[in-house]
Amino acid sequence: MVYAADFEMALQVGRPPTICKLFPNSKALIVSGKVIDRAMLAKGKAVTMAANGRNYFVIRGALAAAQRANAPLFIEIAKSEGGQKAYCAVNYWNMARIVDALCNEMGITVPVAIHADHYGIKNDKDLEAAKVEVPTMFEAGITSIAIDASHLPDDQNLLANLEISSFIPKWAGLETEVGEIKGKEGLSTVPEAKFLVQGLNAHEIFPDWIALNNGTTHGIEASDTGIQVALTADIHHALAPYKLSGAQHGTSGNSSERLREITENTATTKANVATALQMISWGLEVNDYGNAQLDANGNFIKVPGEGMTEELWAEMVAYADSKGWKKGDYKNLNLPFENKLLAQPKEVRERMAKRVEAFTYKMMTEVFNSQDTAPLAIEAILKAGSYDVGPKGTQIEDPAHWTREQIVERAKSIASDKGPEGNFED
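Quick caveat, the model's predicted, so the values are computed rather than measured.

Caption draft 1: Summary view of the overall build of the chain. A count of helices and strands for the chain gives 17 helices and 8 strands. Computed over C-alpha atoms, the radius of gyration of the chain comes to 20 Å, within 12% of the 22 Å expected from 2.2 N^0.38 for 426 residues, which places it in the range of a compact globule. A burial count over the chain gives 56% of its 426 residues as buried. In the chain, 42 side chains carry a positive charge and 55 a negative one; their mean positions are 3 Å apart.

Here you go:
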């Protein structure tokens, strides 16, 4: 295969040291998440898809779609899905290896970032464990991370972000989060978001993205509320001096029209798609924006001849029934059934990936406007002459006003509704 000169140069200088060490002879352009954010900003009103790689077929299909669309891509997994207590076979420590192997096999030349999504820190024990675990993830090929301490009070969220920051490479993509994802409950506010971002800025930490609770849910979107575009735009506008982009979570089940509004009217450059891709790969009936459809009895509808075999689907349903799992629990089928899915005939495996490819390509080209942004990502690398394209923001806030004691005191003045208590899964 003959590669373009710009691609070859980007391959030489654009891969982080950890990736070069893991894959010294690779032709896969695995990059920092920062690079992809810069490409979306260069095009304007463009959002990259962060495809949640819950299984091999999603990763393969999403990579094929990105190559067709000439668009860079995030492949990601969250802590609940791919951490130490994972419910998926794909995890923080093998995801880069899967992506690298597939890129080389398939001749993928668009830049790809490997993102650790929703790295949850919910208490002091989590924070201490993170100081050991986060470096191991970067050693295994992670190139971008979302630190999610949004479950904590505002001051503790900020302090946790500050404490873990020294364990994250400066070149890596960095996402921070305010407001736990709870749907229409506990929506994020401008004061909460500014408090987090200003406190980080004072300590010379410049995240690439901020994620909000702007009305989304993880999993199957059952309401007609979904993403609050105006709220998102207001918060992004308030944060404009700090040069953050938005990260949109919980896109599955939101209409294409609403996602286009997010693309057009907010500072969003990254949108996570998870449950939709899982359901599509399995061969379930979905509507045009990826929400799985149910029959009259409230059961998922398996499309004959699509996705996995009918026999394996029946086995998965029986397994879920034996566990007493509801529809939102079907994600837990990923781990026990990954090898059975991989053991299906080639034509079945290929149609699983092809179904993901078709959906992802349509999202990239008709909703997120990210087509033909791969050259812009390569341009960002070549302009920097490095895998590290640097921060977007600069220090605005005075660190003397953001000591630990002042952070705790400042947080007391933030009036907000965090929503109901409970286990809101990431």
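Caption draft 2: Inspection of the sheet that holds strand S1 (residues 48-52) at higher detail. Pairing is parallel in the closed barrel, where 8 strands are placed in the order S1-S2-S3-S4-S5-S6-S7-S8. Averaged over all pairs of adjacent strands, the angle between their axes in this sheet comes to 25 degrees, without regard to strand direction. Pairing of S1 with strand S8 (residues 268-273) involves 4 bridges; the strand directions are parallel. Paired with Met-49 across the two strands is Ala-271, which belongs to S8. Contacts from helix H6 (residues 95-106) reach strand S2 (73-78) and strand S3 (112-120) within the one sheet, and its direction differs from that of S3 by about 160 degrees. Against the sheet, helix H8 (residues 154-164) touches strand S4 (144-148) and strand S5 (173-178), its axis set at about 165 degrees to S5.

Caption draft 3: Molecular detail of the environment of Ala-101. Relative to the elements of secondary structure, Ala-101 occurs in helix H6. Considered as a pair, Ala-101 and Ala-42 are 59 residues apart in the sequence and their alpha carbons are 29 Å apart.

Caption draft 4: Representation of unusual backbone geometry. The phi dihedral of Lys-45 falls on the positive side, at around 50 degrees, and the residue is not glycine. With respect to the helices and strands, the residue Lys-45 is situated in the loop between helix H3 (33-43) and S1. Judged by its relative accessible area of 48%, Lys-45 falls in the partly exposed class. Unusually for a residue other than glycine, His-118 sits at a positive phi of about 40 degrees. Judged by relative accessible area, His-118 falls into the buried class, the value being 1%.

Caption draft 5: Quick look at the packing of helix H4 (residues 56-69) against helix H15 (residues 346-367). Viewed as axis vectors pointing N to C, H4 and H15 meet at an angle of 45 degrees, and their least axial separation amounts to 7 Å. When the interaxial angle is binned, H4 and H15 end up oblique. Here the hand of the crossing between H4 and H15 comes out right-handed. The residues of H15 that touch H4, namely those facing Phe-57, Val-58, Arg-60, Gly-61, Ala-62, Ala-64, Ala-65, Ala-66, Arg-68 and Ala-69, are Arg-349, Met-352, Ala-353, Val-356, Glu-357, Thr-360, Tyr-361, Met-364 and Thr-365. Its residues placed into classes, the contact of H4 with H15 shows 12 nonpolar, 3 polar and 4 charged.

Caption draft 6: Geometry of the pairing of S3. When you tally the buried positions in S3, you get 9 out of 9 residues, the bulk of the element. Bridge count for S2 against S3 is 6 bridges, and the pairing is parallel. Residue Leu-73 lies in a different strand from S3, and its bridge partner there is Val-112. Handedness of the crossover is the feature at issue here: the chain leaves S3, passes through helix H7 (residues 124-139), returns alongside S4, and the resulting connection is right-handed.

Caption draft 7: Region of the structure containing the packing of aromatic side chains. Inspection of every chain in the model, using the stated rule, returns 13 aromatic pairs. Relative to Trp-93, the ring of Tyr-92 has its centre 5.8 Å away and its plane inclined at 75 degrees; by these criteria the two rings are edge-to-face. Overall, the relative accessible area of 27% leaves Trp-93 in the partly exposed class. A centroid spacing of 5.6 Å and a plane angle of 55 degrees characterise the contact between Phe-195 and Trp-402, whose relative ring orientation is tilted. Of the two residues, Phe-195 is situated in helix H9 (residues 190-202) and Trp-402 in the loop between helix H16 (374-384) and helix H17 (404-411); the sequence distance between them amounts to 207 residues. Judged by its relative accessible area of 5%, Phe-195 is buried.

Caption draft 8: Broad picture of the environment of Glu-76. Take Glu-76: it is sitting in strand S2. The sequence separation of Glu-76 and Arg-38 amounts to 38 residues, and the corresponding C-alpha distance is 18 Å. A distance of 3.3 Å separates a polar atom in the side chain of Glu-76 from a polar atom in the side chain of Asn-272.

Caption draft 9: Region of the structure containing the side chain of Asn-52. Tracing the backbone through its elements, the reader meets Asn-52 in strand S1. With sequence-adjacent residues up to four places away left out, Asn-52 is seen in contact with Val-58, Glu-76, Ile-77, Ala-78, Glu-81, Val-273, Ala-274 and Leu-277.

Caption draft 10: Looking closely at the nonpolar core. Membership of the largest hydrophobic core comes to 87 residues, with the highest contact counts inside it found for Met-49, Leu-73, Ile-75, Tyr-119, Ile-145, Ile-168 and Phe-368. Ranked by the residues each element gives to this core, the list is headed by H4, at 7 residues. Ignoring any residue separated from it by four or fewer positions in sequence, one finds Ile-145 in contact with His-115, Ala-116, Tyr-119, Val-134, Met-137, Phe-138, Ile-168, Gly-173, Leu-174 and Glu-175. With 19 residues, the next largest nonpolar core counts Leu-11, Val-31, Trp-209 and Ala-247 among its residues.

Caption draft 11: Structural context of the side chain of Arg-355. Residue placement: Arg-355 occurs in helix H15. At 3.4 Å, the side chain of Arg-355 forms a polar contact with the side chain of Glu-306. For Arg-355, the residues in contact, after removing those within four places along its chain, are Met-279, Ile-280, Gly-283, Leu-284, Glu-285, Val-303, Glu-306 and Gly-307.

Calculation notes
- Residues numbered from 1 in each chain as written.
- Predicted model: local features only at pLDDT ≥ 70, side-chain atom pairs only at ≥ 80, totals over all residues.
- Heavy atoms only, no water.
- Helix = DSSP H or I, 4+ residues; strand = E, 2+ residues; numbered from the N terminus.
- Rg over C-alpha atoms; globule rule 2.2 N^0.38 Å.
- Buried < 20%, exposed > 50% of the residue type's maximum accessible area, 1.4 Å probe, protein only.
- Lys, Arg positive; Asp, Glu negative; His and termini not counted.
- Charge placed at Lys NZ, Arg CZ, Asp CG, Glu CD.
- Pairing = 2+ DSSP bridges.
- Axes fitted to C-alpha atoms, helices over the stretch in contact; angles between N-to-C directions.
- Contact = heavy atoms within 4.5 Å.
- Parallel < 35°, antiparallel > 145°, perpendicular 65-115°, else oblique.
- Left-handed = near helix turned anticlockwise from the far one by under 90°.
- Nonpolar A, V, L, I, M, F, W, Y, C, P; charged D, E, K, R; others polar.
- Right-handed = clockwise from strand over helix to strand, strands pointing away.
- Phe/Tyr/Trp six-rings, centres within 6.5 Å; stacked < 30°, edge-to-face > 60°.
- Polar contact = N/O pair within 3.5 Å; in protein donor to acceptor, adjacent residues only side chain to side chain.
- Core = buried A, V, L, I, M, F, W, Y, C linked by side-chain atoms within 4.5 Å.

In short, geometric facts, not functional conclusions.
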